[in-house]
Amino acid sequence: MKYSGCPFCAKSNLKYIYPEISDPGNVYAFNYVYCSNCDIAYLNPFPEESDLIAHYGRYVEEAEIQDVSEFQIDGARRRIIDYLRLSKKSDRILDIGCGKGETVYCLSRDGYAIDGIDPYFVPRYDNAGLNERIHTKRIDEAGFPDNHFTVAMMWSTLEHMSDPMALLREVSRITAPGGRLVISVPNFRTFQHRLLKKQWPGFGPPEHLVAYTSRALEKLLFKQGFKLEKRFSDPIYDQWMLKNSLYRYFQETVKKGPKNKQASKDFNKIERLFAGLFSFAFVRTEALMGRSSTSNMVFVKL
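Residues numbered from 1 in each chain as written. Predicted model: local features only at pLDDT ≥ 70, side-chain atom pairs only at ≥ 80, totals over all residues. Heavy atoms only, no water.

## Some remarks on the overall build of the chain
Move 1: The secondary structure content of the chain amounts to 11 helices and 11 strands.
Move 2: Across the 302 residues that make up the chain, the buried fraction comes to 48%.
Move 3: Within the chain, counting contacts between residues at least 6 apart in sequence, those at least 24 apart form 72% of the total.
Move 4: For the chain, the accessible area works out to roughly 14900 Å², and carbon and sulfur atoms hold 51% of it. (Helix = DSSP H or I, 4+ residues; strand = E, 2+ residues; numbered from the N terminus. Buried < 20%, exposed > 50% of the residue type's maximum accessible area, 1.4 Å probe, protein only. Contact = heavy atoms within 4.5 Å. Areas by Shrake-Rupley, 256 points an atom, 1.4 Å probe, with all protein chains shown as cover.)

Structure representation (structure tokens):
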């Protein structure tokens, strides 16, 4: 699908960034377009749904061999969940874009009422309870009642959605007043992106269809009846993103080839240089200035 105007605001004050499309039939070759009115970037054209289904299909076999007993929740995700102070008696939780179901498994194992939904993932675990909790369908096909869930979560999900506004409207409908919505997405208004441009891993066609900023998310969610409650940083993941960015930059720009063995060897020297105190200081400076590479935000339904 190709857009002549922004899919969010329909305005045409757009500009292409990193225009590299070389094969319109290749799902991995797309341009990102920036809308200054919405402060977002998105793929234009969007991949076809059939191409996305084929792309995500390769993850199913990987998921089938997962040992669910090894699933765990850590990092910023655990800190956000602890902040929510979930109730085993009263909270009804939905993990949207749950993927392999790590969060669904861990919270259900601990006694919480949680369901997961992901249109691209078919659970085939040796765990009937987990399989039944994960719904393989679009959220608008699930038939959830109005105001049903007290907590909705989207961990690295919204950037994958081809119609994010429709998704947010549905999330607003099924979330009870006073309920919380957790969103974690890459934030392209970051120093890492400015420094390393297209090598920043927040851009990742064909999976990442839209790149958001924290400001854009606040505006979009406010229109759907949600108010920002709290932000969280994720320095460990942001450090990983920095190293990933540098690696991609070194492969694609310095050594001119993603499979260049010398690039990998030379990167080890750079990795040692940027590891430790430098990367620690870099990502925390980003966080203090509101420019982290990930936006982790808790909203409350008004």
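## Looking at the sheet that holds strand 9 (residues 210-211)
Move 1: Read from one edge of the open sheet, 4 strands run 1-2-3-9, paired in antiparallel fashion. Two strands bound the open sheet, and with one partner strand each, they are strand 1 (14-17) and strand 9.
Move 2: Of the strand pairs in this sheet, strand 2 (residues 32-35) and strand 3 (residues 40-43) are connected by 4 bridges, and their pairing is antiparallel. Directly across from tyrosine 34, in strand 3, lies its bridge partner alanine 41. (Pairing = 2+ DSSP bridges.)

## Overview of the side chain of serine 184
Move 1: Relative to the helices and strands, serine 184 is located in strand 8 (residues 175-186).
Move 2: One polar contact links serine 184 to asparagine 296, side chain to side chain, over a distance of 2.7 Å.
Move 3: Not counting the four nearest positions on each side in its chain, serine 184 is found in contact with Met154, Trp155, Ser156, Thr157, Glu159, Ser295 and Asn296. (Polar contact = N/O pair within 3.5 Å; in protein donor to acceptor, adjacent residues only side chain to side chain.)

## Quick word on the packing of aromatic side chains
Move 1: On inspection of all chains with the given rule, the structure shows 9 aromatic pairs.
Move 2: Here tyrosine 32 and phenylalanine 203 contribute two aromatic rings whose centre-to-centre distance is 4.6 Å and whose plane-to-plane angle is 55 degrees, an arrangement assigned as tilted. In this pair, tyrosine 32 sits in strand 2 while phenylalanine 203 sits in the loop between helix 7 (191-196) and strand 9, placing the two residues 171 residues apart along the sequence.
Move 3: Under the relative-accessibility criterion, tyrosine 32 is labelled buried at 4%.
Move 4: The interplanar angle of 75 degrees and the centroid separation of 6.0 Å between the aromatic rings of phenylalanine 71 and tyrosine 105 together place this pair among those described as edge-to-face. Of the two residues, phenylalanine 71 sits in the loop between helix 2 (58-64) and helix 3 (75-84) while tyrosine 105 sits in helix 4 (residues 102-109), which places them 34 residues apart along the sequence.
Move 5: For tyrosine 105, a relative accessible area of 14% gives the class buried.
Move 6: Among the aromatic residues, those joined into a cluster by ring pairs are Tyr32, Tyr34, Phe188, Trp200 and Phe203. (Phe/Tyr/Trp six-rings, centres within 6.5 Å; stacked < 30°, edge-to-face > 60°.)

## Focus: the confidence of the model for the chain
Move 1: On average, the chain scores 82 in pLDDT, and the residues at 70 or more come to 82%.
Move 2: Summarising per-element confidence for the chain, the mean pLDDT is lowest in helix 2 (55) and highest in strand 4 (residues 92-96) (98). (pLDDT = per-residue confidence, 0-100.)

## Comments concerning the layout of surface pockets
Move 1: Here the second largest pocket defines a volume of roughly 190 Å³.
Move 2: In terms of lining, the second largest pocket is formed by 13 residues, of which the most central are Ser214, Arg231, Gly290, Ser292 and Thr294.
Move 3: In terms of residue count, strand 11 (residues 294-301) provides more of the lining of the second largest pocket than any other element does, 4 residues in total.
Move 4: Of the residues contributing to the lining of the second largest pocket, the split by class is 3 nonpolar, 8 polar and 2 charged. (1 Å grid on protein atoms, 1.4 Å probe; cavity = no way out; pocket = protein on both sides within 12 Å on 5 of 7 lines; lining within 4 Å. Points joined across faces, edges and corners; volume = space filled by probe spheres on them. Nonpolar A, V, L, I, M, F, W, Y, C, P; charged D, E, K, R; others polar.)

## Some thoughts on the pattern of salt bridges
Move 1: Under the defined criterion, the tally for this structure stands at 9 salt bridges.
Move 2: The partner of aspartate 39 in a salt bridge is arginine 189, and the shortest N-O contact between them spans 2.3 Å. Pair noted here: aspartate 39 is in the loop between strand 2 and strand 3 and arginine 189 is in the loop between strand 8 and helix 7, with a separation of 150 residues, a long-range link.
Move 3: The class of aspartate 39 is buried, set by a relative accessible area of 3%. (Salt bridge = Lys/Arg side-chain N within 4 Å of Asp/Glu carboxyl O.)

## Some details on the sheet that holds strand 6 (residues 134-135)
Move 1: The strand order across the open sheet built from 7 strands is 6-5-4-7-8-11-10, with neighbouring strands paired in mixed fashion. What marks the edges here is a single partner per strand, and that holds for strand 6 and strand 10 (226-232).
Move 2: Direction of pairing for strand 4 relative to strand 7 (residues 149-155): parallel, over a ladder of 3 bridges. Pairing of isoleucine 93 across the sheet is with valine 151, part of strand 7.
Move 3: Seen against the sheet, helix 4 touches strand 4, strand 5 (113-117), strand 6 and strand 7 and runs at an angle of roughly 165 degrees to strand 5. (Axes fitted to C-alpha atoms, helices over the stretch in contact; angles between N-to-C directions.)

## Re unusual backbone geometry
Move 1: Here the phi dihedral of aspartate 39 falls at roughly 60 degrees; this positive angle occurs in a residue that is not glycine.
Move 2: Backbone geometry places serine 156, a non-glycine residue, at a positive phi of 50 degrees.
Move 3: Tracing the backbone shows serine 156 in the loop between strand 7 and helix 6 (164-174).
Move 4: Residue classification places serine 156 among the partly exposed residues on the basis of a relative accessible area of 37%.

## Considerations on helix 11 (residues 277-288)
Move 1: With 12 residues, helix 11 extends 16 Å from end C-alpha to end C-alpha; this agrees with the ideal 16 Å at 1.5 Å per step.
Move 2: Where helix 11 is concerned, the buried positions are Ser279, Phe282, Val283 and Glu286. The arc that holds the buried residues of helix 11, viewed along the axis, is 85 degrees, so those residues lie on one side. Opposite the buried face of helix 11, at more than 90 degrees from it, the exposed residues are Leu277 and Leu288.
Move 3: Just past helix 11, the residue glycine 290 takes up positive phi, approximately 70 degrees. (Expected span 1.5 Å × (residues − 1). Arc of directions from axis to C-beta.)

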